[in-house]
Amino acid sequence: MEALGLDSSLYGNIKASRDFTKIAYHILKQHSGIGLKTFQLSMFDCNNVDSCHLDSWLHLALRLGIEELILETNSLTSKYNFPLSLLSAKGCLLPDSFALERLELSFCNKIICLKIPRVLLRLSYLEVVACNYLQVIESEAPNLSSFCIRWFHNHILISLGQALHVKKLEICSSRAFHYAQLPIIVPSLETLTIDSISKMISTPNAHNKFHQLKYLNIRVPGETHDPTYDYFSLASFLDASPCLETFILRVHVQEESPVEHGLFSRDPSHLRQMPEHGHEKLKRVQIGGFYPAKSLLELAHHVLESATSLECLALGTTYCSCEFGGKDLGKCYLSAIGTYIEEKVPSTSLLG
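Residues numbered from 1 in each chain as written. Predicted model: local features only at pLDDT ≥ 70, side-chain atom pairs only at ≥ 80, totals over all residues. Heavy atoms only, no water.

Trainee: I'd love a proper account of helix H2 (residues 13–30), names of residues and values included.
Mentor: If you check H2, its first and last C-alpha atoms are 26 Å apart, about what 18 residues at 1.5 Å a residue would give, namely 26 Å. Ala 16, Ser 17, Asp 19, Phe 20, Thr 21, Ala 24 and Leu 28 are the residues of H2 that are buried. (Helix = DSSP H or I, 4+ residues; strand = E, 2+ residues; numbered from the N terminus. Expected span 1.5 Å × (residues − 1). Buried < 20%, exposed > 50% of the residue type's maximum accessible area, 1.4 Å probe, protein only.)

Now the structure itself:
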């Protein structure tokens, strides 16, 4: 305001604000865009500017081909709603942002459908966090390589086009997700991280495979009072990943809550087995939060039977030192696994 010679004490706040709006609009309208890389809009300096004018400035600035857009606000600023039309197929933020390489959306609760056009040839990273009402994500960006989606409560329909370049995927879900469809959605995946707050009821099968997956990191909830989670079902991920080299399973069990169900019965002859699959490239397996659950032993048994190139099996035995029902089943559990390893694969490294 001072640089433009608009003194509110002489003109009044309303007239000075109106003149400032006209000048700012004229500058953006007439600018060639040459040399302009950053557009920064400080909301706490624009309290007297109507939101419609702020929206128009954003549209004009984006059409100038800027490389960086900065929107600043604070708790004292009057509320400003970012125009969702800029994120739609008919808006201009995404369709006109040809140089966009990274897009992160957090806590955008008014977005229901997110569509990313094919013209974003340089977009390589997409992150969507806590957009609670989001129902559809459609991306046609041909060079998207990393996709991260976290903290969603509704079922989300995800379409990534051919998704030939998506190599890294991270999912944090508070509800059931159809993991069986992942090999179809992201056929070229190499790194997969899953943080599941709820039970995983749908896993890949022999018909849908991760042909290039090398690294798999899964976190699942440990049970306390309900029937235990069937960790053995996660073996289907291994069987669907012929090139897998590293498998990490993180079991989250609250330390103050004793496990009561599905404990090992000390009889290894009753262990379930899957049809034999050879995991020739699997070298490193780590299970954190290892506790005396029968299905965990079955999963470890499956790994030891099928991973012919296994170099290290690391078990985080935090909960194995606890006494369950007055019996130290943790020591019994480790003893059973240790005996099996010595008999079947004496060269394998077991880390407790």
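There is more to say after this.
Trainee: Just give me the short version of the side chain of Asn 217, but keep the residues and values in it.
Mentor: Looking at the element boundaries, Asn 217 is found in strand S11 (residues 215–221). Judged by its relative accessible area of 11%, Asn 217 falls in the buried class. There is a polar contact of 2.8 Å between the side chain of Asn 217 and the side chain of Arg 250. When sequence neighbours within four positions are dropped, the list of residues in contact with Asn 217 reads Leu 192, Thr 193, Ile 194, Ile 248 and Arg 250. (Polar contact = N/O pair within 3.5 Å; in protein donor to acceptor, adjacent residues only side chain to side chain. Contact = heavy atoms within 4.5 Å.)

Trainee: How would you summarise the confidence of the model for the protein if you had to cite specific residues and measurements?
Mentor: Scored by pLDDT, the protein comes out at a mean of 76, with 70% of its residues at no less than 70. Across residues 321–326 the pLDDT falls below 50, and counting only partners more than four positions away or on other chains, this stretch makes seven contacts in the model. (pLDDT = per-residue confidence, 0-100.)

Trainee: Give a description of the layout of surface pockets that names residues and reports values.
Mentor: Over the atoms rolls a probe the size of a water molecule, and in doing so it shows where empty space is left. Each pocket or cavity is described by its volume, and for the second largest pocket that value is around 220 Å³. If you list the elements that add at least two residues to the lining of the second largest pocket, you get H2 and strand S1 (38–42). The element best represented in the lining of the second largest pocket is H2, accounting for five residues. Taken together, the residues that form the lining of the second largest pocket break down as 10 nonpolar, three polar and no charged. (1 Å grid on protein atoms, 1.4 Å probe; cavity = no way out; pocket = protein on both sides within 12 Å on 5 of 7 lines; lining within 4 Å. Points joined across faces, edges and corners; volume = space filled by probe spheres on them. Nonpolar A, V, L, I, M, F, W, Y, C, P; charged D, E, K, R; others polar.)

Trainee: Give a description of the sheet that holds strand S4 (residues 113–116) that names residues and reports values.
Mentor: Spatial strand order, S4-S6-S8: three strands in an open sheet with parallel pairing. With partners counted over all chains shown, the strands left at the sheet margins are S4 and strand S8 (157–159), one partner each. Along the sheet, successive strands turn relative to each other by an average axial angle of 0°, direction set aside. Pairing geometry for S4 and strand S6 (residues 136–139), over four bridges, is parallel. Considered in S6, the bridge of Ile 116 is made with Ser 139. (Pairing = 2+ DSSP bridges. Axes fitted to C-alpha atoms, helices over the stretch in contact; angles between N-to-C directions.)

Trainee: So what's going on with the packing of aromatic side chains? Which residues, and what values?
Mentor: The final tally for this structure, using the stated rule, is two aromatic pairs. Considering the side-chain rings of Phe 20 and Trp 57, the 6.1 Å spacing of their centres and the 80° angle between planes classify their relative orientation as edge-to-face. Highlighted residues: Phe 20 in helix H2 and Trp 57 in helix H3 (residues 51–63), separated in sequence by 37 residues. Judged by centre distance (6.5 Å) and plane angle (65°), the rings of Tyr 179 and Phe 237 are edge-to-face. (Phe/Tyr/Trp six-rings, centres within 6.5 Å; stacked < 30°, edge-to-face > 60°.)

Trainee: Kindly report on the nonpolar core, identifying the contributing residues and their values.
Mentor: By size, the foremost hydrophobic cluster in this structure holds 63 residues, and its most contacted members are Leu 192, Phe 237, Phe 247 and Leu 249. Looking at which element gives the most residues to this core, the answer is helix H7 (residues 294–306), with four residues. In terms of nonpolar packing, the next biggest core, distinct from the first, is built from 14 residues, Ala 24, Phe 39, Leu 54 and Ala 61 among them. (Core = buried A, V, L, I, M, F, W, Y, C linked by side-chain atoms within 4.5 Å.)

Trainee: Kindly report on the environment of Ala 235, identifying the contributing residues and their values.
Mentor: As for its placement among the helices and strands, Ala 235 is situated in helix H6 (residues 235–239). Expressed as a C-alpha distance, the spacing of Ala 235 and Val 303, which sit 68 residues apart in the sequence, is 8.2 Å. Once residues within four sequence positions are removed from consideration, Ala 235 is found in contact with Met 274, Leu 299 and His 302.

Trainee: Lay out empty space enclosed by the protein with the relevant residues and their values.
Mentor: Scanning the model with the defined rule gives three cavities of 30 Å³ or more in all. Looking at the largest cavity, its volume works out to about 50 Å³. Taken together, Phe 147, Ile 158, Leu 160, Leu 169, Ile 171, Phe 177, Leu 182, Ile 185 and Val 186 make up the lining of the largest cavity. The set of elements that each furnish at least two residues to the lining of the largest cavity consists of strand S9 (168–173) and helix H5 (182–185). Of the residues in the lining of the largest cavity, the class split is nine nonpolar, no polar and no charged. Taken as a whole, the second largest cavity encloses approximately 40 Å³ of empty space. Lining of the second largest cavity is provided by Ser 139, Ala 141, Pro 142, Leu 144, Leu 160, Ala 163, Leu 164, His 165 and Val 166. Classifying every residue of the lining of the second largest cavity gives seven nonpolar, two polar and no charged.

Trainee: I'd like a rundown of the pattern of salt bridges, residues and numbers included.
Mentor: Inspection of every chain in the model, using the stated rule, returns five salt bridges. We note a salt bridge from Glu 101 to Arg 122, for which the minimum N-O separation is 2.5 Å. Here Arg 122 lies in the loop between S4 and strand S5 (125–129) and Glu 101 lies in the loop between helix H4 (93–96) and strand S3 (102–106), a separation of 21 residues in the sequence. Judged by relative accessible area, Glu 101 falls into the partly exposed class, the value being 40%. (Salt bridge = Lys/Arg side-chain N within 4 Å of Asp/Glu carboxyl O.)

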